[in-house]
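# Structural description and commentary
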Amino acid sequence: MTTTSLVRAELARLTATPLARLAFIALMVVPLLYGGAYLWANRDPYAKLDQVPAAIVDQDAGATLDGDHVDYGKDVTKEAIDGADFKWTKTTAADARSGVRNGTYDFVVTIPHDFSESLVSAQSDDPKRAELVMTTADTNSYLASTIAEQAGKTMRTAVAERVGKQAAKTLLVGLADVRDSLGDAVDGAGQLASGAKSAASGAATLADGTGKLASGAATLADGTAALPSQTAALDQGAQQVASGAATLSSGLQTAKQQTASLPAQTAQLNEGAQQVAAGNKALADQTDPALDALNGLSPDTVTAAITKAAADRGVELTPEVQAVITSTVEAQLGDEKTKADLAKAKAALEGVDQLRDGSAQVAAGTSALATAAPTLAGGVSSAADGAAQLASGSSQVATGTSQLASAAPTLSSGAASLASGAASADDGAKSLASGLTKLQSGSSELASKLDEGRTKIPASNASQREDQASVISDPVKVGDDNVAAADNYGAGLAPFFISLAAWIGMYALFLILKPISKRAITAVRKPLAVVFGGWLTPALLGLVQMVALFFIVRFALDLNVVHAGATIGVMVLASATFAAIIMALNVLLGSVGQFLGLVLMLVQLVTAGGTFPWQTLPGPLAALHFALPMTYSVDAIRQTMYGGDLGAAWSDAGVLACWLLGALLVSFVVTARQTRSRTLRDLRPSLIG
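Residues numbered from 1 in each chain as written. Predicted model: local features only at pLDDT ≥ 70, side-chain atom pairs only at ≥ 80, totals over all residues. Heavy atoms only, no water.

Let us now look at the side chain of T577. Tracing the sequence through the fold places T577 in helix α16 (residues 564-589). Residue classification places T577 among the buried positions, given a relative accessible area of 0%. A polar contact of 2.8 Å, which involves the side chain of T577, links it to the backbone oxygen of L573. Setting aside residues up to four positions removed in sequence, T577 forms contacts with L656, W659 and L660. (Helix = DSSP H or I, 4+ residues; strand = E, 2+ residues; numbered from the N terminus. Buried < 20%, exposed > 50% of the residue type's maximum accessible area, 1.4 Å probe, protein only. Polar contact = N/O pair within 3.5 Å; in protein donor to acceptor, adjacent residues only side chain to side chain. Contact = heavy atoms within 4.5 Å.)

In structure tokens, the structure reads:
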């Protein structure tokens, strides 16, 4: 008996009677119904969310923003209804709540009365979070509640984008204003720096002036320290001046009376002085020759005069006589008594000349006195009047000096205080100069930093700010760059349910198929052919199931398949591998092995990672994820169906092939043993098949 005959014999057994054929067809259709119907029901549920009933309750009272009335609740309601993502119904709070309870609505979105007020509070001193209230009931559908949460997040994102755009726009406008203001501030800081420089220069000059003031005030304080004693002496002197001025006034009044007749008297005096001067001049004219003679007196002149006199009388003197006369005159002139007499005569004659000159001066003086006498009399009169005023003024001065003497201690104390204040002012002026220098430096740095800060704020116009606000409110856009994309929800589940359908198809077929032929084991004694024949029958039937399921998935459900041939190949390989595994369990354990095939399917339901990522599994189940074959069939079909990595698909196919060969090896070992000997369990009829 060959492998082919074994296959034909098994197929003939399955179609021997109408009931057998009906059972065979029913079991062949099971994986098609399972995979096709489930994928049909879940092909694209998100495309029909607009049929999910939902209610929206708008209780928003609105708010005021920048003087305008805003109603974000109304806007959210309109956008939700116009968007038609769900079958929205705008209703009241009472109707919505009862509708969720009785299943009229799967969920309700309630917009509270302070929704807009809370949103605009972000620009106030008391910001509050706005709230959307989501009312759900898991009795309607747990997934409906999950979808409602996503709807709430979508609404929240839309509102946050709108409010964020408004806030960002306001912020950008404010930054633009700040930038402009910073420009003005830079100019002002520059002017401040310039003014501070001038002020610093002025403060330096002020410091110099206050230094001199302090020095002068100190000198003044030193000088006024003795002022009280000095003013006391001044007061005493002023009193004496007042007394003397009174005496002077009295004396000048007397002189005024006495000088009243002075012009007439000086006129007489002038006349007498002129006469005396004339007499003295005549006397001097007479005595001048004698004086000249005395001044020119000598032996020669005397001898010459005697000779001339003798000649006038007719007597001529001889030289000898003249010599004697000269000698006699020399002797006479040389006599001391004669010298003394001559000196007295000369002095008397010179006195006449002096008398003449003096009398002339006296005459001139008396003439001037006579001329000035009227003026002198008037001056004495004026002096008398002035002396009276001086007496009165000096009395007032005496009174003032008394007051000055009284105020001098206060002045001295004030001068000391002035010196102290001037010293403090000097210190303050120096501090001011130092501070203004720092102010100049700081204001220059301020102008520089303000300008630097201004340049860091980008310049923008209204259009640019609108674009910037849009980006700030929604800064991240998630791009769609799926390197291996499933078309829809059904396509995403297809690899898992195809693999599960392949297992269920094999499990169902082994309810009517014999794992191996007992008769062939006994008669043929060729374990390899028997095992291969027992496996080939379900493998061929699985091929038919997988090809039919592929056509349902690809054409009936219109799910896209990138690599059709590779996908069919992986499906057929998975079905053949599952057939070998279930056959090995049946060959090894009989009906218990058939039951374990069901248990193994259940374990793989949760470990294959067909729905949620396998990383979300508990630790032990995550370990089984890599050990069981359905994991690799799911991954391989994903790679070929979505256009993923064919290298990974080949790797998964290799793991499935190892499971296939391993299961066939187990079946071969058990079958080979049974060709040599049988156990009691081998002879007992199976509960199944």
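Another aspect to go through is the layout of surface pockets. Empty space left among the atoms is revealed by rolling a probe the size of a water molecule over them. Of the pockets and cavities examined, the largest pocket occupies roughly 970 Å³. In terms of lining residues, the largest pocket is bounded by 29 residues, among which Y46, L49, T146, I147 and Q150 are the most central. The set of elements that each furnish at least two residues to the lining of the largest pocket consists of α2 (18-41), α3 (72-83), α6 (142-225) and α13 (489-509). Of the residues that constitute the lining of the largest pocket, the class distribution is 19 nonpolar, seven polar and three charged. (1 Å grid on protein atoms, 1.4 Å probe; cavity = no way out; pocket = protein on both sides within 12 Å on 5 of 7 lines; lining within 4 Å. Points joined across faces, edges and corners; volume = space filled by probe spheres on them. Nonpolar A, V, L, I, M, F, W, Y, C, P; charged D, E, K, R; others polar.)

Before going further, it helps to examine helix α1 (residues 3-14). Here α1 spans 17 Å end to end across 12 residues, near enough to the 16 Å set by a 1.5 Å rise per residue. Looking at α1, one finds that the buried residues are T3, L6, V7, E10 and L14. One side of α1 holds all its buried residues, which, seen down the axis, span an arc of 100°. (Expected span 1.5 Å × (residues − 1). Arc of directions from axis to C-beta.)

Turning to the environment of V587, a few remarks are in order. Secondary-structure assignment places V587 in helix α16. Each C-alpha atom of the pair V587 and P515 lies 6.4 Å from the other, and the pair is 72 residues apart in sequence. Ignoring anything within four residues of it in the chain, the contact list for V587 reads P515, I516, S667, V670, T671 and Q674.

With that settled, consider the sheet that holds strand β5 (residues 107-111). The strand order β4-β1-β5-β6 describes an open sheet built from four strands, whose pairing is mixed. Each edge of the sheet is formed by a strand with only one pairing partner; in this case those strands are β4 (87-90) and β6 (133-136). Geometrically, the sheet is characterised by an average inter-axis angle of 25° between neighbouring strands, direction not taken into account. The pairing of strand β1 (residues 53-58) with β5 spans five bridges and is parallel. Counted as the bridge partner of D58 is I111 from β5. Set on the sheet, α3 makes contact with β1, β4 and β5; between it and β1 the angle comes to about 160°. (Pairing = 2+ DSSP bridges. Axes fitted to C-alpha atoms, helices over the stretch in contact; angles between N-to-C directions.)

If you look at the biggest cluster of nonpolar residues, it comprises 67 residues, and the most contacted ones within it are W503, L509, W535, L549 and M641. For this core, the secondary-structure elements that each account for two or more residues are α2, α13, α15 (527-556), α16, α17 (591-607), α19 (629-642) and α20 (646-676). Take this core: its biggest share by element is 15 residues, from α13. If we skip the residues at most four places from it in the chain, W535 touches A576, A579, A580, M583, L660 and L664. If you look at the next biggest cluster of nonpolar residues, it comprises 23 residues, including F86, W88, L119 and V120. (Core = buried A, V, L, I, M, F, W, Y, C linked by side-chain atoms within 4.5 Å.)

All right, on to the packing of aromatic side chains then. Across all of its chains, the model carries 12 aromatic pairs by this definition. Measuring from ring centre to ring centre gives 5.6 Å for F532 and W535, while their planes differ by 50°; the resulting arrangement is tilted. Taken together, the residues span about one helical turn, with F532 and W535 both in helix α15 at a distance of three residues. Classification of F532 as partly exposed rests on a relative accessible area of 40%. For W535, a relative accessible area of 10% corresponds to the buried category. Grouping aromatic residues by their ring pairs yields a cluster made of Y34, Y38, F496 and F497. The ring of F555 has R554 lying over it, and the distance from NZ or CZ to the ring centre is 5.4 Å. (Phe/Tyr/Trp six-rings, centres within 6.5 Å; stacked < 30°, edge-to-face > 60°. Lys NZ or Arg CZ within 6 Å of the ring centre and 35° of its normal.)

This part takes up the pattern of salt bridges. A complete count under the given rule lists four salt bridges for this structure. For R554, the salt bridge identified is with D558, shortest N-O distance 3.6 Å. Judged by its relative accessible area of 23%, R554 is partly exposed. By relative accessible area, which is 47% here, D558 ends up partly exposed. A cluster of three or more residues bridged by salt bridges with shared partners is formed by R43, R554 and D558. (Salt bridge = Lys/Arg side-chain N within 4 Å of Asp/Glu carboxyl O.)

Here we come to the packing of α2 against α15. With their axes 10 Å apart at the nearest point, α2 and α15 run at an angle of 30° to one another. In terms of orientation, α2 lies roughly parallel with respect to α15. As for the relative orientation of α2 and α15, their crossing is right-handed in sense. Only L541, V544, Q545, A548, L549, I552 and V553 of α15 make contact with α2, whose side of the interface consists of F24, L27, M28, P31, L32, G35, G36 and L39. Looking at the contact of α2 with α15 residue by residue, the classes come out as 12 nonpolar, three polar and no charged. (Parallel < 35°, antiparallel > 145°, perpendicular 65-115°, else oblique. Left-handed = near helix turned anticlockwise from the far one by under 90°.)

Functional significance is not addressed by these values, which are geometric in nature.
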